[in-house]
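Coordinate inspection notes
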Amino acid sequence: MKYSNILEEEIKNKVAQTYFDKFDCTKILGKIDFAVKMKRKSSNLLSLEDLTGFNAEYLLWAEAKQKSTDIVAMLTQLVLTIGKARTFDEIMPPPFLGCYDNEKIAFVPYSEIQHIFYQNDFNWKITPSNTDTKEFRLVYEQISKILNNDTPWNTYVFDFERDEKELRRFIRENFIVGKSDISKIKIDKNNFIIIYNKWLQSVKPSIAVNWDAAKKAGIIDGDFYLADLLSSENASIKDNLFVLLHSNFYEIDRKINETGLFTSSRADFSDNQKAHNQFWARYERPPHEEYWDYIVNRRDLLVPQDVRERKGSFFTPQIWVELSQRYLADVLGKDWQDEYYVWDCAAGTGNLLAGLTNKDRIFASTLDKQDVDVVFDRINNGANLWKQQVFQFDFLNDEFLPISKGGKLPDELYNIISDENKRKKLVIYINPPYAEGDTVLQNTTNRKDFSVTNVYSKYKQILGAAAGELFIQFLVRIYFEIPNSKLAMFSKLKHINSPKSATLRKYFKAECEAGFIVKADTFDNVTGHFPIAFLIWNFEKQNIIENVTCDILNEHGQNEAKKTFQDGNLIYLNDWLKKYYGTKENKIAVFGFVGNDFQNQKFVFLTIKGRGHHENYVNVSNLINISIYFTVRHCIEATWLNDRDQFLHPNKKWENDIEFHNDCLAYTIFHGQNRISAKDGVNHWIPFTEAEVAASYKFESHFMTSFISGKIKQNGYTNLFENDEGKFCIKREFSPAATAVFDAGRELWRYYHGIAGQARNDREELYNVNASLYDIREYFQERNDKGKMNNTSTDAQYTELIGNLRKKLNALAQKIEPKVYEYGFLKA
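Note that the coordinates shown come from a computational prediction; the quantities given were computed from them, not determined experimentally.

Time to look at the overall build of the protein. Broken down by element type, the protein carries 32 helices and 22 strands. Burial statistics for the protein: of 828 residues in total, 56% are counted as buried. Counting contacts in the protein only where the partners sit at least 6 residues apart, residues at least 24 apart contribute 67% of the total. Roughly 36,800 Å² of accessible area belongs to the protein as shown, and the carbon and sulfur atoms make up 47% of that amount.

As structure tokens, this is what we get:
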């Protein structure tokens with residue numbers, strides 16, 4: 001190894017001296033380990049940084065490690081470090097991000113990574129070095145895809161010893177020296193979003209526009225920014241933009257009025273254009289022409305989050321576009337494009353239609369006039385569409401009327417949807433908005449702006465609890481108002497298996513001809529571990545939908561297996577649980593639960609005090625039933641594939657399987673979501689006697705050991721240990737897998753009582769003889785400055801013991817899993 005047996009700081013120094021000696025590596029940039037920038041020239045001239053306050057000369061931000069480390073893990077920590085500090089909001093990002101350890105160095109273009117920083121609903125507050133967080137895992141997966149895709153220019157890795165010449169050549173050719181200190185900042189696909197964020201603070205306040213009114217008219221602040229950016233000498237150079245800059249004012253709302261005359265409005269500057277001129281003096285406009293299309297096509301990154309959810313400004317990746325069209329050809333025949341009409345009624349900038357060949361039969365509509373202009377520009381540059389068949393249309397609000405009668409639909413398209421036979425040859429091909437129904441309906445402002453459309457008002461009785469889901473509103477209008485057509489739609493699966501769509505499914509009858517599912521985060525600007533489906537529906541076939549089977553595609557588009565989604569009109573696990581609600585009297589815990597699916601797994605837990613609504617009291621009469629529910633909800637790992645799978649009311653086979661009951665009890669006692677704590681009250685969940693774990697003194701409760709032993713008159717718990725008929729509780733005999741969990745747990749308890757008991761004179765407030773598993777974890781792992789329990793411990797022996805317990809618990813879960821399906825808690 002190049003740098004073995006030396007400290008991380010020494011590795012940084014050696015890398016800087018050996019490879020980046022012509023650059024300045026001395027700057028400390030927040031918590032970024034290593035930053036490379038241009039050296040200041042010895043000159044009496046002020047630098048760009050002096051003039052503007054912005055630094056445009058960084059070439060590399062990198063993560064450094066002392067020992068050999070996974071490249072993806074290093075880059076993930078770097079991205080989380082940058083995102084947490086929002087470094088790019090203050091400092092122009094470099095062309096490259098990178099990482100290195102004692103044997104290798106890697107570079108990845110910033111432009112390949114930057115979209116990660118603009119994810120919706122992402123928690124950037126976590127510790128970047130904590131590899132156990134879901135945020136770390138999510139970014140790790142995203143970077144893995146970037147580094148493993150087929151793009152030739154996405155990452156470069158060099159071994160310090162083996163690839164020294166190639167590394168030096170790479171730095172020489174890509175880390176260009178010789179910029180003038182007073183040159184303007186160049187704008188490209190790496191930094192146009194960063195500059196936009198600065199523009200929002202500096203220029204937007206000086207534009208005399210009613211922004212709320214502008215948003216309702218489909219104009220966003222990003223349109224003004226694009227007018228500025230794509231201009232020369234303060235005049236826009238692309239006339240297809242929604243807003244144009246004309247020297248000292250903006251031209252907006254350009255249209256042909258009813259008399260056939262061209263009209264527009266203007267927006268002026270409130271400060272005589274002072275802020276505008278000062279801001280753009282720093283930057284070179286326009287960008288190189290090679291970036292124009294990229295910047296215009298990525299207007300979605302400038303769309304505010306609320307507008308993005310309403311309009312569905314989410315690109316469909318090209319790989320899924322191509323595969324969806326292949327599935328259409330398989331279902332409709334190889335000549336389908338010559339036999340069927342296609343209407344994308346949520347077209348955005350039209351990327352879903354790329355690859356279609358017969359433009360005579362293609363129609364595209366979008367909510368946003370700006371998107372129509374973008375598509376027109378694409379047509380001017382060779383896109384295979386007719387301008388007269390691309391139009392602005394609000395599918396959830398506008399009436400189906402032809403242009404000849406004062407409407408918005410091209411007459412030919414209107415004739416198609418009005419003709420019963422032609423409708424049978426119409427494919428509605430869409431990737432509609434994915435606005436979350438619960439979020440929309442619970443927010444009164446959003447309710448007005450988003451979900452209460454004309455479609456909502458017309459069909460709200462049919463939509464039921466799913467009324468706020470915009471993609472379902474698209475589905476319902478197409479189904480009822482364009483009958484007998486074909487629907488080829490990307491969407492979530494709530495219309496198939498969500499309990500909230502139960503009312504809808506009473507009316508929605510069709511045949512799913514084919515489809516596939518992919519992971520949601522393979523779509524631009526979509527986060528989360530759930531499936532997105534592409535399904536082809538035939539509305540001519542009015543069949544009750546009992547289930548839908550899809551191909552499972554990996555991120556490379558390869559078919560890995562099939563998955564069946566069950567109709568959601570079933571009896572759910574929570575309906576079963578209602579039979580076993582406990583009373584507050586003699587309770588030993590409060591059981592929290594939410595939903596019937598995997599996405600709510602984290603909300604299934606046990607405590608002493610409770611946490612709010614959706615709770616049940618646990619006592620001797622329902623302990624086994626609660627343990628079964630708890631185990632069923634937790635023993636199978638939540639993945640993107642099962643995220644929306646529903647847990648169901650079981651059959652009766654579980655009732656006589658005593659080993660299953662006992663396995664579930666063991667699993668519940670030792671699971672991490674058992675958050676029973678002696679700090680909250682009496683801990684009835686200690687599964688061992690004082691002698692078994694060498695406790696320092698007597699436990700407050702012996703409930704669990706007495707329950708397991710089938711005793712009823714120990715420590716005054718006579719009533720507590722009798723079941724409803726007054727009979728003795730049975731003695732619990734555990735399977736080898738469950739016994740292994742108890743054995744591992746016993747060693748952990750013994751270690752705690754040994755270590756904590758011996759130290760109680762020094763840490764009396766921390767040692768509790770009645771400690772639960774949760775308390776023991778807290779003792780060894782401690783809490784951070786924000787009060788959250790740490791994920792790891794510095795105690796090596798504890799780490800080994802808790803690791804062994806989790807290993808045995810996982811083995812028990814694998815034993816239980818087949819019975820979850822056998823007893824009907826889940827459908828395979």
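Side chains Tyr-341 and Trp-343 of strand β11 (residues 341-344) all project onto a buried face; the interleaved residues Val-342 and Asp-344 project onto the opposite face, where all are buried too. Judged from the three bridges that link them, β11 and strand β14 (residues 426-430) form a sheet pairing that is parallel. By the bridge assignment for β14, Val-342 is matched with Val-427. Across three bridges, β11 lies against strand β12 (residues 362-366) in parallel orientation. By the bridge assignment for β12, Val-342 is matched with Ile-362.

Take the sheet that holds strand β20 (residues 589-592) next. Read from one edge to the other, the open sheet built from three strands follows the order β21-β20-β22, with strand pairing classed as antiparallel. The open sheet has two edge strands, β21 (605-607) and β22 (615-618), and neither has a second partner. Across this sheet, the average inter-strand angle for adjacent strands is 30°, counted without regard to direction.

At a closest axis distance of 10 Å, the pairing of helix α27 (residues 658-670) and helix α32 (residues 796-822) adopts a crossing angle of 145°. The way α27 lies across α32 gives a crossing that is left-handed. Contacts between α27 and α32 involve Glu-659, Phe-660, Asp-663, Cys-664, Ala-666, Tyr-667 and Phe-670 from the first element and Leu-805, Leu-809, Leu-812, Ala-813, Lys-815, Ile-816 and Lys-819 from the second. Taken together, the residues that form the contact of α27 with α32 break down as 10 nonpolar, no polar and four charged.

To continue, consider helix α8 (residues 192-202). Phe-192, Ile-193, Ile-194, Ile-195, Tyr-196, Lys-198 and Trp-199 are the residues of α8 that are buried. Tucked into the core, α8 has its buried residues touching α4 (87-90), α5 (110-113), α10 (221-229), α11 (274-280), β10 (283-284) and α12 (292-297).

The next point concerns the packing of aromatic side chains. Scanning the entire structure with this criterion turns up 74 aromatic pairs. For the ring pair Phe-393 and Phe-395, a centre distance of 6.3 Å and an interplane angle of 70° mean the geometry is edge-to-face. On the accessibility criterion, Phe-393 (1% relative accessible area) is buried. Judged by relative accessible area, which is 1%, Phe-395 ranks as buried. A ring pair is formed by Phe-703 and Phe-707, whose centres lie 5.9 Å apart and whose planes are at 25°; its orientation type is stacked. Here Phe-703 and its partner Phe-707 are both found in helix α29 (residues 703-709), four residues apart, which amounts to about one turn of the helix. Accessibility classification places Phe-703 together with Phe-707 in one group, the buried group. Over the ring of Phe-400 we find Arg-477; its NZ or CZ atom is 3.8 Å from the centre of that ring.

For the pair helix α26 (residues 623-634) and α27, interaxial distance at closest approach is 8 Å and the crossing angle is 70°. When the interaxial angle is binned, α26 and α27 end up roughly perpendicular. Listed contacts from α27 to Leu-623, Ile-624, Ser-627, Ile-628, Phe-630, Thr-631 and His-634 of α26 are Phe-660, His-661, Cys-664, Leu-665, Tyr-667 and Thr-668. Taken together, the residues that form the contact of α26 with α27 break down as eight nonpolar, five polar and no charged.

What follows is about the environment of Trp-749. With respect to the helices, strands and loops of the structure, Trp-749 is situated in helix α30 (residues 736-758). The buried category is assigned to Trp-749, whose relative accessible area is 2%. For the pair formed by Trp-749 and Ala-694, sequence separation is 55 residues and the distance between their alpha carbons is 8.6 Å. The residues touching Trp-749, leaving out its near neighbours within four places in the chain, are Phe-670, Ile-686, Pro-687, Phe-688, Val-693, Ala-771, Ser-772, Leu-773 and Ile-776.

Time to look at helix α17 (residues 411-418). Of all the positions in α17, only Leu-413, Ile-416 and Ile-417 are classed as buried. End-on view of α17: buried residues confined to an arc of 90°, all on one side of the axis. On its buried face, α17 sits against β11, β12, β13 (390-392), α18 (420-423) and β14.

Another point: a positive patch on the surface. A contiguous patch of positive charge, built from Lys-22, Lys-165, Arg-169 and Arg-172, is present on the exposed surface. With respect to the helices and strands, Lys-22 occurs in the loop between α1 (8-19) and β1 (34-37). Given a relative accessible area of 59%, Lys-22 falls into the exposed group.

For the structure on display, the rule yields zero disulfides. Here Cys-512 stays free of any disulfide, with the sulfur of Cys-550 as its closest cysteine sulfur at 6.0 Å. Cys-635 supplies the cysteine sulfur nearest to Cys-664, a cysteine that is in no disulfide, at a spacing of 7.3 Å.

This paragraph deals with the confidence of the model for the protein. Per-residue pLDDT for the protein averages 85, and the proportion of residues at 70 or more is 87%. The low-confidence segment residues 177-183, where pLDDT is below 50, has 15 contacts with residues more than four positions distant or belonging to other chains. Counting interchain partners and residues more than four positions distant, the pLDDT-below-50 stretch residues 713-726 has 26 contacts.

Below, the discussion takes up the sheet that holds β1. Across the sheet, which stays open at both edges, the five strands sit in the order β1-β2-β3-β4-β5 with mixed pairing between neighbours. The open sheet has two edge strands, β1 and β5 (156-159), and neither has a second partner. Geometrically, the sheet is characterised by an average inter-axis angle of 20° between neighbouring strands, direction not taken into account. Strand direction decides the pairing type here: strand β4 (residues 104-109) and β5, joined by four bridges, are antiparallel. Counted as the bridge partner of Lys-104 is Asp-159 from β5. Strands in contact with helix α7 (residues 164-174) are β3 (96-100), β4 and β5; relative to β5, the strand with the most contacts, it is inclined by about 135°.

Going through the model one piece at a time under the given rule, you end up with 30 salt bridges. The partner of Glu-8 in a salt bridge is Lys-12, and the shortest N-O contact between them spans 3.6 Å. Of the two residues, Glu-8 and Lys-12 both sit in helix α1, four residues apart, roughly one turn of that helix. Overall, the relative accessible area of 11% leaves Lys-12 in the buried class. Asp-743 serves as the salt-bridge partner of Arg-746, at 2.9 Å between the closest nitrogen and oxygen. Of this pair, Arg-746 and Asp-743 are both found in helix α30, three residues apart, which corresponds to roughly one turn of the helix. One salt-bridge network, held together by shared partners, links Glu-8, Glu-9, Lys-12 and Asp-33.

Each value, and the rule that gives it
Residues numbered from 1 in each chain as written. Predicted model: local features only at pLDDT ≥ 70, side-chain atom pairs only at ≥ 80, totals over all residues. Heavy atoms only, no water. Helix = DSSP H or I, 4+ residues; strand = E, 2+ residues; numbered from the N terminus. Buried < 20%, exposed > 50% of the residue type's maximum accessible area, 1.4 Å probe, protein only. Contact = heavy atoms within 4.5 Å. Areas by Shrake-Rupley, 256 points an atom, 1.4 Å probe, with all protein chains shown as cover. Pairing = 2+ DSSP bridges. Axes fitted to C-alpha atoms, helices over the stretch in contact; angles between N-to-C directions. Left-handed = near helix turned anticlockwise from the far one by under 90°. Nonpolar A, V, L, I, M, F, W, Y, C, P; charged D, E, K, R; others polar. Phe/Tyr/Trp six-rings, centres within 6.5 Å; stacked < 30°, edge-to-face > 60°. Lys NZ or Arg CZ within 6 Å of the ring centre and 35° of its normal. Parallel < 35°, antiparallel > 145°, perpendicular 65-115°, else oblique. Arc of directions from axis to C-beta. Patch = residues over 30% accessible without salt bridge, like charges linked within 9 Å, V, L, I, M, F, W, Y side chains within 5 Å. Salt bridge = Lys/Arg side-chain N within 4 Å of Asp/Glu carboxyl O. Lys, Arg positive; Asp, Glu negative; His and termini not counted. Charge placed at Lys NZ, Arg CZ, Asp CG, Glu CD. Disulfide = S-S within 2.5 Å. pLDDT = per-residue confidence, 0-100.

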